[in-house]
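If you want the building blocks of each chain, they are given just below.
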Amino acid sequence: MNSDELILKNEPKRNFIHEIIDRDKEAGASAVVTRFPPEPNGYLHIGHAKSICLNFGLAKEYSGRCHLRFDDTNPSKENTKYIESIKEDIKWLGFDWSEHLYFASNYFDKLYEWAKALIRAGKAYVCDLPPEEVSKTRGTLTEPGTESPYRNRSIDENLDLFERMKSGEFPDGSKTLRAKIDMKSSFMVLRDPVMYRILRVTHHRTGDKWCIYPTYDWTHGQSDWNEGITHSICTLEFENNRALYDWFLRTLESLGVETGSKRLPKQIEFARLNLTHTVMSKRWLLELVERGVVDGWDDPRMPTLAGLRRRGFTPESIRDFCERIGVAKTNSIVELALLEHCARQDLNRRAERRMAVLKPLKITLTNYPEDKIDKFEVKNNPDDESAGTRNLIFSREIFIEEDDFRENPPKHFFRLMPGGEVRLKDAYIIKCNEAVKDSSGKIVELLCTVDPDSRGGQSASGKKVKSTLHWVSAKYSESAEARLYNPLFLTPNPYDFPKGQDLLFNLNSDSMEILKDCRIEKELASAKPGESYQFMRLGYFCVDSRNCVPGHLVFNQTVTLKDDLARVEKKK
RNA sequence: UGGGGCGUCGUCCAACGGAAGGACACCGGGCUUUGAAUCCGGUAAUGAUGGUUCGAUUCCAUCCGCCCCAGCCA
């Protein structure tokens, strides 16, 4: 069975984490409990989706559970407005934390008590060094650090000082609580890491209760332990932090503190997702929004879940993508083409077909009476009978795609040309007799004739035409707007820019094309925001959920259809 | 120059001492009232050098390359 079949059967591809968990189970471990721990300081993107699929997926496969825990230890960066969007995105992706919603800030009291336990055990101390001094005395990658002059204060003094830090006696930044580990360690994180800093910032959940806040390292592992997390999965850059993660846990365990679980959680690192032609860091995503490069976090060009959703990517296609990319420890950059493939595959199955002409070229059928119409009943999805049928109306004046006609066609072009014949999908075979030009020489209209024996596109005479075009009736169609997208960055790796430049060096100035005068078949006029359709021969389009007003639909192009002609022309 | 990690087709992921496989991409062909979908076929990789072994992507050694760590960010 190949991996594709596995995916179809919904059996996730195995990875090194499965092997770790299997070994743990053989060694007697019972449940599997994972967690997804976002910091509420930005929107979720497709890189988070990889982590969400991994963590919730593992929990499901092993009949365990996955917690959603907001890692809210730094109130100066975090904001409650992100919490709802994060929850919404996870739900939209198709995952459910049920009652297991937590906040690291729920553990502030417990963490404070445990910090005191560490002080009492002589494993932590209050340090008066200002930030610059802490930094200076930390040493370098190759030189050991030096011990803080405050390192050997008495336990009582430390307890007293820590208490007073908490009660607000000292100014911001003037003191920290540090773990007493080893200033000579080759792990920089073990050189007496800061556990608490003084920060007078109102926290979105605890308000002004605290003026000291625990750091990530001091919070994360203990939160895991407290929730009974068995496998704490994070990204590669935390590999060094694992030494500290384990130190806190083991030290606390040896002190006999009480937690929600006997078993110590295990941190496992995997490579974060990178996608070509885009960026995933919150910093740069924010920058794109703030510099006005994009229209907001949910701009359809953004790799955020909100952006992808608005663009028309389905949760199923994103989950499929996350499954296909696999999980490993190698730094890698996945090609955007794979994401697009997943979208096409899913949308091909579920999106109903419609006809829309993005760049209309008018055709008058000179042998088709002015007052006549034809009604054709056509399939909504040729691959899915259950999608039903709809009616198309044909009339004397129609529009076809500007690109589907060439006055001087190259060899490989077999669409409409002077004297040539094509089929209009589900309607008639037509022949082009004349291209009408305006004074500037621009083709403004084609005069064609229909073959009356070809009703429905069938050819009674057995006539073969090489090409079938999409079309809409001029009279029985509506106007609409379509937005076509290209990647935000020109280069596969946007970070690959010359010295002295920044990321915007590789920005694609042509990432969006707005087409305001598209014509859509009547049936499409009632489409609702969020719905996806295949515009025949063009691509998948999703009704925008922001810019539609009654009578004026805006469609976002999710992906194009694969295009052989484009490929052939590119080769030339 | 310390430490922690990682090197397999163009890209992503497998192979756990026994014929290097899948997916995407690409190329060629069949079918087609979407140049789509679908079907068939093809190109293409173990960073290097030694060693152990009947046999090495896998074990060992050395080398090379890339990523991460010196926030009171996460």
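Residues numbered from 1 in each chain as written. Chains lettered and ligands numbered in written order. Predicted model: local features only at pLDDT ≥ 70, side-chain atom pairs only at ≥ 80, totals over all residues. Heavy atoms only, no water.

Draft legend 1. Representation of the confidence of the model for chain A within the structure. Per-chain confidence: chain A averages 95 in pLDDT, with 98% of residues scoring 70 or above. The model gives residues 1-9 a pLDDT under 50, and that stretch makes eight contacts with residues more than four places away or in other chains. (pLDDT = per-residue confidence, 0-100. Contact = heavy atoms within 4.5 Å.)

Draft legend 2. Molecular detail of the domain arrangement of chain A. You can read the domains of chain A as domain 1 (31-270), domain 2 (282-352 + 480-571) and domain 3 (356-470). One C-alpha centre belongs to domain 1, the other to domain 3, and the line joining them spans 65 Å. (Domains from an automatic or database assignment.)

Draft legend 3. Quick peek at helix α10 (residues 282-290). Within α10, the full set of buried residues consists of W284, L285, L288 and V289. Down the axis, α10 shows its buried residues gathered within 145° of arc, on one side only. In α10, the exposed positions that point more than 90 degrees away from the buried face belong to R283 and E290. Remark: G292 follows α10 within two positions and exhibits a positive phi of approximately 75°. (Buried < 20%, exposed > 50% of the residue type's maximum accessible area, 1.4 Å probe, protein only. Helix = DSSP H or I, 4+ residues; strand = E, 2+ residues; numbered from the N terminus. Arc of directions from axis to C-beta.)

Draft legend 4. Spatial organisation of the environment of S76. Looking at the element boundaries, S76 is found in the loop between β2 (65-70) and α4 (81-93). Between the C-alpha atom of S76 and that of N41, which follows or precedes it by 35 residues, the distance is 9.6 Å. At 2.6 Å, the side chain of S76 and the side chain of N74 are in polar contact. (Polar contact = N/O pair within 3.5 Å; in protein donor to acceptor, adjacent residues only side chain to side chain.)

Draft legend 5. Examining unusual backbone geometry more closely. Even without being a glycine, S98 presents a positive backbone phi close to 40°. With respect to the helices and strands, the residue S98 is situated in the loop between α4 and β3 (101-103). Backbone geometry places D426, a non-glycine residue, at a positive phi of 65°. By secondary structure assignment, the location of D426 is in the loop between β16 (421-424) and β17 (429-437).

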